[in-house]
Amino acid sequence: MEVSDVSFAYRNQDGTHMLALRDVNLTVQRNEFVSIVGQSGCGKSTLLRLLAGLMAPNRGRITIDGDATTHPRRNISLAFQKPTLLPWSNVLDNVLFPFRHQSRPVGRDEIARARELLSMMGLLDFAERRPGELSGGMQQRLALCRTLVTEPDILLMDEPFSALDALTRDELGVELLKICAVKPKTVVLITHSIAEAVLLSDRVYVMSSRPGTLCDEVEIKLPRPRLPEVMRAPLFQEFTTHVRDLVQQHSVRQS
Ligand SMILES: Nc1ncnc2c1ncn2[C@@H]1O[C@H](COP(=O)(O)OP(=O)(O)OP(=O)(O)O)[C@@H](O)[C@H]1O
Ligand SMILES: [Mg+2]
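Residues numbered from 1 in each chain as written. Chains lettered and ligands numbered in written order. Predicted model: local features only at pLDDT ≥ 70, side-chain atom pairs only at ≥ 80, totals over all residues.

Undergrad: Describe the nonpolar core, naming the residues involved and giving the relevant values.
TA: The tendency in soluble globular proteins is for nonpolar side chains to be buried side by side. L51, V95, C145, L156, V188, V198 and V243 are the most contacted members of the largest nonpolar core, which has 67 residues in total. Setting aside residues up to four positions removed in sequence, V243 forms contacts with V37, I194, A197, V198, V204, V206 and V218. (Core = buried A, V, L, I, M, F, W, Y, C linked by C-beta atoms within 7 Å. Buried ≥ 20, exposed ≤ 12 C-beta atoms within 10 Å, placed from the backbone. Contact = placed C-beta atoms within 7 Å.)

Structure (C-alpha cells):
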C-alpha cells in the first residue's frame, strides 16, 4: 500500500475549505501491521477513508498492489470509528451483512465463521438479539466480527477497541494478532492507545496536528508472538515512552 504526497481538504458548508491532510507519505508492506497515532482531529480517520477508497485525495496518489484506489475494493474491510450496525437485524445477521452486501452466498461455512467470531468476542449468547440491546463495547466487538468475517487481505481499523475496558482491549488485540498469524493480513490501525499500538504493530507512525502529516515512524522490534505480558518488559516501556514523546512533540494545544 503506497501513499505518495497525499493532501486532502474538506469543503465546509459555507463553501470554505479545511485542509485536513498535507503531503502524507506512507508505505505498508504486504502482511505488515502498522498503527497510526496522533492528536484528536489531526486527520487519522480522513487518511483511513482515503485508503479505503471512500474518498479521493485532492493531490497525490494512493495505490494498492500498484492499482489506484479510486473505489472501495472487496478484499478490504474497514472498521469505522463508530460501529455502524443495522438496528433491525439481529447480531448474527449483522455479522453476515458484508456477504449479503457483496451479493455473496451465505452457506454453512459463512455462518460457522460468523459464530466462531462471535464466540471469540464473547457474543455468541447474544446472536439472536438486536444491536440496541447491547452495550457500547459489545456493539464495538460486534462491528469487529463483521469486519473480520469475510477474511479480508487488508484490514483498516479506526479505534476498534476504544469502547472496551483495558483488559478486554488487550485480550482482543492479542486475538487479532492470532487471527493475523493464521491468515496473514495487512493491517492499518488507528488508535489513541500508544501501548496498544506498540503491542500490536511492526511499525508505528506518528501524525502531526492538523493539517496532518506522518512525521515520524518507529519500528517496534519486539519478538512475536506477542502476549499481554510483553507490556511489562523494559523494552516495551522504552518504545511507548519514545512514541509518547514524539506524539507530544508534534501536537499543538487546541483552543
Ligand atoms: N465531513 C467533514 N467535513 C468537514 N470537516 C471534516 C469532516 N470530517 C472531518 N473533518 C475535519 O477534518 C479534520 C480531521 O478529522 P479526522 O476525523 O480525520 O480526525 P482524527 O484524527 O480521526 O480525529 P479523532 O482522533 O478525534 O478521531 C478535523 O479538523 C475535522 O474537523
Ligand atoms: Mg478519527
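Undergrad: Before we move on, could you go through the packing of helix 2 (residues 91-101) against helix 3 (residues 108-120) and cite the residues and values that matter?
TA: Look at helix 2 against helix 3: their axes get within 10 Å of each other, and the N-to-C directions meet at 125°. By the angle class used here, helix 2 and helix 3 are oblique. Considering how the two elements wind past one another, helix 2 and helix 3 form a crossing that is right-handed. Contacts between helix 2 and helix 3 involve V91, L92, V95, L96 and F99 from the former and E110, A114, L117 and L118 from the latter. Within the contact of helix 2 with helix 3, the residues separate by chemical class into 8 nonpolar, no polar and 1 charged. (Axes fitted to C-alpha atoms, helices over the stretch in contact; angles between N-to-C directions. Helix = DSSP H or I, 4+ residues; strand = E, 2+ residues; numbered from the N terminus. Parallel < 35°, antiparallel > 145°, perpendicular 65-115°, else oblique. Left-handed = near helix turned anticlockwise from the far one by under 90°. Nonpolar A, V, L, I, M, F, W, Y, C, P; charged D, E, K, R; others polar.)

Undergrad: So, the domain arrangement of the protein chain: which residues are in play, and what are the values?
TA: Structurally, the protein chain comprises domain 1 (2-75 + 152-249) and domain 2 (85-151). Inter-centroid distance (C-alpha atoms) of domain 1 to domain 2 is 24 Å. Taken together, the contact pairs 9 residues of domain 1 with 10 residues of domain 2. Split into classes, the residues belonging to the side of domain 1 that touches domain 2 amount to 6 nonpolar, no polar and 3 charged. (Domains from an automatic or database assignment.)

Undergrad: Tell me what's going on with the pairing of strand 1 (residues 2-11), and back it up with residues and numbers.
TA: Examined bridge by bridge, strand 1 and strand 2 (residues 17-27) share 7 bridges and lie antiparallel to one another. What sits directly across from R11, in strand 2, is H17. Here strand 1 pairs with strand 4 (residues 59-64) via 4 bridges, running antiparallel. Counted as the bridge partner of S7 is R59 from strand 4. (Pairing = 2+ DSSP bridges.)

Undergrad: Before we move on, could you go through the sheet that holds strand 9 (residues 203-207) and cite the residues and values that matter?
TA: If you trace the 6 strands from one edge of the open sheet to the other, you get 6-7-8-3-9-10, paired in mixed fashion. Unpaired on one side and paired on the other, strand 6 (76-79) and strand 10 (214-219) mark the two borders of the sheet. The sheet shows a mean angle of 15° between the axes of neighbouring strands, taken without regard to direction. By the bridge criterion, 5 bridges tie strand 3 (residues 33-38) to strand 9 in an arrangement that is parallel. When the bridges of strand 9 are listed, S35 appears paired with V204. Strand contacts of helix 1 (residues 44-51): strand 3, strand 6, strand 7 (154-158), strand 8 (186-190) and strand 9, with the helix running at about 155° to strand 8, the strand carrying the most contacts.

Undergrad: So what's going on with the environment of D158? Which residues, and what values?
TA: Looking at the secondary structure, you find D158 in strand 7. Residue classification places D158 among the buried residues on the basis of 21 C-beta atoms within 10 Å. Spatially, the C-alpha atom of D158 lies 9.6 Å from that of R49, the residues being 109 residues apart in sequence. Those residues in contact with D158 that sit more than four places away from it in its chain are S45, L48, A79, F80, Q81 and I190.

Undergrad: Which residues make up the environment of D67, and what values do they have?
TA: Relative to the helices and strands, D67 resides in strand 5 (residues 67-68). On the basis of neighbour count, D67 is assigned to the exposed category, with 9 C-beta atoms found within 10 Å. Sequence spacing of D67 and M1 is 66 residues, and the spatial spacing of their C-alpha atoms is 9.4 Å.

Undergrad: A description of unusual backbone geometry should follow, citing residues and the corresponding values.
TA: Going from R210 to P211, the amide bond is cis rather than trans, its omega being -5°. The residue P211 is located in the loop between strand 9 and strand 10 in this model. Here the residue pair R224 and P225 is connected by a cis peptide bond, since its omega of -5° sits within 30 degrees of zero. Of note, P225 is situated in the loop between strand 10 and helix 7 (234-249). Non-glycine residue D23 carries a positive phi angle of around 50°. As for its placement among the helices and strands, D23 is situated in strand 2. One non-glycine residue with positive phi stands out, namely S103, at about 55°.

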